[in-house]
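Single-letter residue listing:
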Amino acid sequence: MIILGLNAYHGDASACLLKDGKIVAAAEEERFLRVKHWAGFPALAIRYCLEEGKIPLSDVHVIALNRDPSANVFRKVLFSVARRPGFSFIRDRLKNAARTGKIDADFRSTFPDEMKRFHGEFRNVQHHIAHLSSAFHLSGYPEAAVCSVDGFGDFVSLMTAVGMGAELQVLDQVYFPHSLGLFYLAFSQYLGFPNYGDEYKVMGLSGYGKPTYLEKMREVILTDGGGAFRLDLNYFIHHSEGVAMTWEGGEPKMGNVFSDEIENVFGPARLADEPISQRHKDIASSLQARYEECFFEILKVLYARTGQTCLALAGGCAMNSLANGMIFDRSPFREVFIQPAAGDAGGALGAALAIYHEDADHVRLPRLERADLGPGYTDSYIADLLARTPALAVASSRFRVRVLPEHDLIRELASRIEDGLVAGFFQGRMEWGPRALGNRSIVVDPRRNDMKEILNEKIKRRESFRPFAPSILREAVADYFETDAEVPFMQQVFRIRPEKREVIPAVTHVDGTGRLQTVTEAQNPLYYRLIKEFGQKTGVPIILNTSFNENEPIVNRPEEALDCFLRTRMDVLALGTTLIERT
Ligand SMILES: [Fe+2]
């Protein structure tokens, strides 16, 4: 059975291909179009997935979309009658439904010849069922509690379930206009971070503040002790005026969702270019603290209802790695699984998995261990590219270009990193999800105090308060962190042991934590060897890992990696087996 799963007409548009229960390929459209969080019809990601699987569109049995406009219609009507929202609100929702309904037309115009031979069906999967499916069906747990938390999808912001075998039984839902994700979004906007997906910056900022506004936050979002929550709508406008949203054919944009009442209570909103004050940091800290209170109340109730000790998480809020790192301390859950693309991109995979598991005879997938589901490029492709790159040919005295055996490549790269150089590491297939995990990464020495500044100065130019993350050999986790958890996809923050913090200052956040990525040889042999080699040289089996990009989506093709290397001040680039160095 061949299923093409899609997240379309929404931020982080993406596609995946599932063949007989095996993930053939999965990728976000932004990597091909080079526009962050691109929203619309993911034509290039679809084409890539089909090519990777060598499967013509005509062989696809089901095209599954992670949205279902028919879901919760009764509630939508009820809301409109009871609340009488403004015209713009109703117009936006109708536009939204119309977009989702035109998917077969988009397929016909984008793939006209292939669609003449397509006899499969289009299926809609409710947004949060797709999130839940992506979490549970990739977790490998025979049974588990499952939770999806986000802004909104199909009129729902929270869905909890228990997963058993191939089945998901939904337990609870929270409906529009109440949303934990929207609560976080509102304060991110208020704090001067207006771009789609900026919430993680506010999470980083929260480490610098004290939760002095926590009592006030408790009045903005209220909990009842039973796992449900509701917003005090006086602080918001999304339910009455709607939100100006641009979802089609570009970077998604959202208008403000908070009302003047937030400014009345918390003071004036920060403009994006305004300096960040202690008040802003304290509000960020209070926001994160209140988010955690709500999140752990949800988990407490979910545990009580299911009795399960394993938890599978998805939805945009499952990207809150700070809260995720506290799950073992603040909830009874003993194991947690979060797939690499836990946000909306991952809904493509979830929609496909939901359809696949409708057939009870289908065997469940093993736990997803690796995230390298995107495009890969051969050494000959890279050699051709280098041969036709004028910058390397004309100014050859400025660069040293060598093809090396793997062992030498790793040894030389580890020693350049030890020397304090900034290295690009482009290997294998691109990662699925927003984190670079050693295939499209920039890697540097975590032991240097000045490495954060060097990285920002040479390449990243990002806000100084944002932390950089450590990749660590799986077997060394307990030596450096106050945990021995396995975190292959960099989705949980843990405390670094106090005595180790000054050993790895470049990856130690102001609050003594790190968002670690554990690496095993089975998950990523080459990256494992690089960290191990660096560990043997320095005694520290950890490398600072940041995504390979410069204010753009993470690089996909070798062309983009080389371009980034040439236009920034990156010192070294390992492009497959080729090592390129500035001389
Ligand atoms: Fe979502």
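Residues numbered from 1 in each chain as written. Predicted model: local features only at pLDDT ≥ 70, side-chain atom pairs only at ≥ 80, totals over all residues.

**Concerning the overall build of the protein chain**
Across its full length, the protein chain carries 22 helices and 23 strands. For 583 residues, the compact-globule estimate of 2.2 N^0.38 gives 25 Å, and the protein chain sits close to it at 23 Å. Principal-axis analysis of the C-alpha atoms gives the protein chain an extent of 70 × 60 × 45 Å. Sorting the 583 residues of the protein chain into buried and exposed places 51% on the buried side. (Helix = DSSP H or I, 4+ residues; strand = E, 2+ residues; numbered from the N terminus. Rg over C-alpha atoms; globule rule 2.2 N^0.38 Å. Buried ≥ 20, exposed ≤ 12 C-beta atoms within 10 Å, placed from the backbone.)

**Focus on the sheet that holds strand 17 (residues 440-444)**
A sheet is described by the order of its strands in space; here 9 strands give the open sequence 15-23-22-16-17-21-18-20-19, paired in mixed fashion. At either end of the open sheet lies a strand with only one pairing partner, and these are strand 15 (399-403) and strand 19 (492-495). Ignoring which end each strand starts from, the neighbouring axes of this sheet average 30° apart. Where strand 22 (residues 572-575) lies against strand 23 (residues 578-582), 4 bridges are found, and the strand directions are antiparallel. Residue Val572 lies in a different strand from strand 23, and its bridge partner there is Glu581. (Pairing = 2+ DSSP bridges. Axes fitted to C-alpha atoms, helices over the stretch in contact; angles between N-to-C directions.)

**Let's talk about the domain arrangement of the protein chain**
What the domain assignment reports for the protein chain is domain 1 (2-131), domain 2 (137-342) and domain 3 (379-582). Facing 13 residues of domain 2, the contacting portion of domain 3 comprises 17 residues. Split by residue class, the side of domain 2 that touches domain 3 holds 7 nonpolar, 5 polar and 1 charged. (Domains from an automatic or database assignment. Contact = placed C-beta atoms within 7 Å. Nonpolar A, V, L, I, M, F, W, Y, C, P; charged D, E, K, R; others polar.)

**A look at the pairing of strand 4 (residues 62-65)**
Of the pairings in the sheet, the one linking strand 1 (residues 2-7) to strand 4 comprises 4 bridges and is parallel in character. Across the sheet, residue Gly5 finds its bridge partner in strand 4, namely Ala64. As paired strands, strand 4 and strand 5 (residues 121-124) are joined by 4 bridges and run parallel to one another. Residue pairing across strands places Leu65 opposite Asn124, the latter belonging to strand 5.

**Some points on the packing of helix 8 (residues 180-190) against helix 12 (residues 278-306)**
At a closest axis distance of 10 Å, the pairing of helix 8 and helix 12 adopts a crossing angle of 180°. By the angle between their directions, the pair helix 8 and helix 12 is classed as roughly antiparallel. Contacts from Leu180, Tyr184 and Phe187 of helix 8 reach helix 12 at Ile283, Leu287, Tyr291 and Cys294. (Parallel < 35°, antiparallel > 145°, perpendicular 65-115°, else oblique.)

**Things to note about helix 19 (residues 451-460)**
Because each turn of an α-helix spans 3.6 residues, side chains separated by three or four positions end up pointing in the same direction. The set of residues buried in helix 19 consists of Met451, Lys452, Leu455, Ile459 and Lys460. With its buried residues spanning 100° around the axis, helix 19 presents them on a single face. Turned more than 90 degrees away from the buried face of helix 19 sit Glu453 and Glu457, all of them exposed. At its buried positions, helix 19 is contacted by strand 17 and strand 21 (542-547). Count one or two residues on from helix 19 and you reach Arg461, which has phi positive near 50°. (Arc of directions from axis to C-beta.)

**Some points on helix 2 (residues 43-53)**
Among all positions in helix 2, only Ala45, Ile46, Tyr48, Cys49 and Leu50 are buried. On the buried face of helix 2, the contacting elements are strand 1, strand 2 (14-19), strand 3 (22-28) and helix 1 (30-33). Of the residues trailing helix 2, Lys54 is marked for its positive phi of about 50°.

**Let's talk about the environment of Gly225**
Along the chain, the position of Gly225 falls in the loop between strand 9 (221-223) and strand 10 (229-231). Judged by the 8 C-beta atoms lying within 10 Å of it, Gly225 falls in the exposed class. A C-alpha to C-alpha distance of 52 Å links Gly225 and Ala574, two positions 349 residues apart in sequence.

**Let's talk about the nonpolar core**
Counting 178 residues, the largest nonpolar core has Cys16, Cys49 and Ala352 as its most contacted members. Among the elements that line this core, the one with the most residues is helix 12, at 9 residues. Every residue in contact with Cys49, bar those within four places of it in the chain, is listed here: Leu4, Ala15, Cys16, Leu17, Val24, Ala25 and Ala27. (Core = buried A, V, L, I, M, F, W, Y, C linked by C-beta atoms within 7 Å.)

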